[in-house]
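So you can see what is in the structure, the chains are spelled out below.
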Amino acid sequence: MNEAGDSPVTALRRGGGLAAWRQIADALAGEIRSGALAAGAQLPAESALATRFGVNRHTVRRALGVLAEDGLVRTTQGKGSFVEQGPIPYPIGPRTRFSEIVTRTGREAWGDLIAAATVPADAGWAEALGIAPGAPILELHTVHRADGAPISTARTCLPLPRFSGFDAAYAASGSITRAYAGYGVADYTRLSTRIGARPADAEEAARLDIAPGRSLIVLSSVNVDGDGQRIQATRSLFAADRVELVVE
């Protein structure tokens, strides 16, 4: 089903009370669950699906939206729709490293820098970093991917002036751990992790290629260097059905 020419016309039941978009969603969901559409595979283009089912693209788009809400597919603007892969086992322990965790599953890990700014620390971030409220911190907004699929988005704060320019180091390396190496931080450990959950808002959903309202796992964490100095406070939002947390 990867090419429009390879897809036979699928007749829909007319007048039976079941909307065309629902029938299309059910048919594609069945193919995903049976393995006919494999995890990570790209679905045919909307135009090809419209031809296959004898409907317009709006009807196909509604069916794909339902599949996205159900966590079966993700749709990336300009790239198309893909079958969701199984959740990544994500250990939470003394040394939690996104790149290492993803790489162990055989997928390629990368982090994208979305925005960076120097801001005064509010009371919450100041407490997490062990600094005075109002002290300058570097704030990073990032998206973390496995084989190109967004797994999490995060807000990370680091104390200044120690980590001046860290945003450029992160953008170049795609990894917090690799960026730390340039600052003499060879190792760091997790001081604390808090776990929560909430629905995704529209901006978060767009970053994660999920439908607004889908469940997010919220991880608030603090890391320290080898001397016990607090070097990082992060609030990460994970697409809940793309990871399986393992607390070690």
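The protein is annotated in an unreviewed UniProt entry as Putative transcriptional regulator PhnF of Methylobacterium bullatum.

Draft legend 1. Region of the structure containing the packing of aromatic side chains. Taken as a whole and assessed by the stated rule, the structure comprises 8 aromatic pairs. Plain terms: the ring middles of Phe-163 and Tyr-183 are 5.5 Å apart, the flat faces sit at 50° to each other, and that makes the pair tilted. Of the two residues, Phe-163 sits in the loop between strand E6 (149-159) and helix H6 (166-173) while Tyr-183 sits in the loop between helix H7 (176-181) and strand E7 (188-199), which places them 20 residues apart along the sequence. Members of the aromatic cluster, each reached through a chain of ring pairs, are Phe-163, Phe-166, Tyr-180, Tyr-183 and Tyr-188. Above the face of the Tyr-188 ring, Arg-97 is positioned so that its terminal group lies 3.6 Å from the ring centre.

Draft legend 2. View of the sheet that holds strand E5 (residues 136-146). Strand order in the open sheet formed by 6 strands is E4-E5-E6-E9-E8-E7, with antiparallel pairing between adjacent strands. The open sheet has two free edges, formed respectively by strand E4 (109-120) and E7, since each of these has just one partner strand. Strand-to-strand twist in this sheet, taken as the mean axis angle between neighbours without regard to direction, amounts to 20°. Two elements, strand E8 (residues 215-225) and strand E9 (residues 230-239), share 9 bridges in a ladder whose sense is antiparallel.

What counts as what
- Residues numbered from 1 in each chain as written.
- Predicted model: local features only at pLDDT ≥ 70, side-chain atom pairs only at ≥ 80, totals over all residues.
- Heavy atoms only, no water.
- Phe/Tyr/Trp six-rings, centres within 6.5 Å; stacked < 30°, edge-to-face > 60°.
- Helix = DSSP H or I, 4+ residues; strand = E, 2+ residues; numbered from the N terminus.
- Lys NZ or Arg CZ within 6 Å of the ring centre and 35° of its normal.
- Pairing = 2+ DSSP bridges.
- Axes fitted to C-alpha atoms, helices over the stretch in contact; angles between N-to-C directions.

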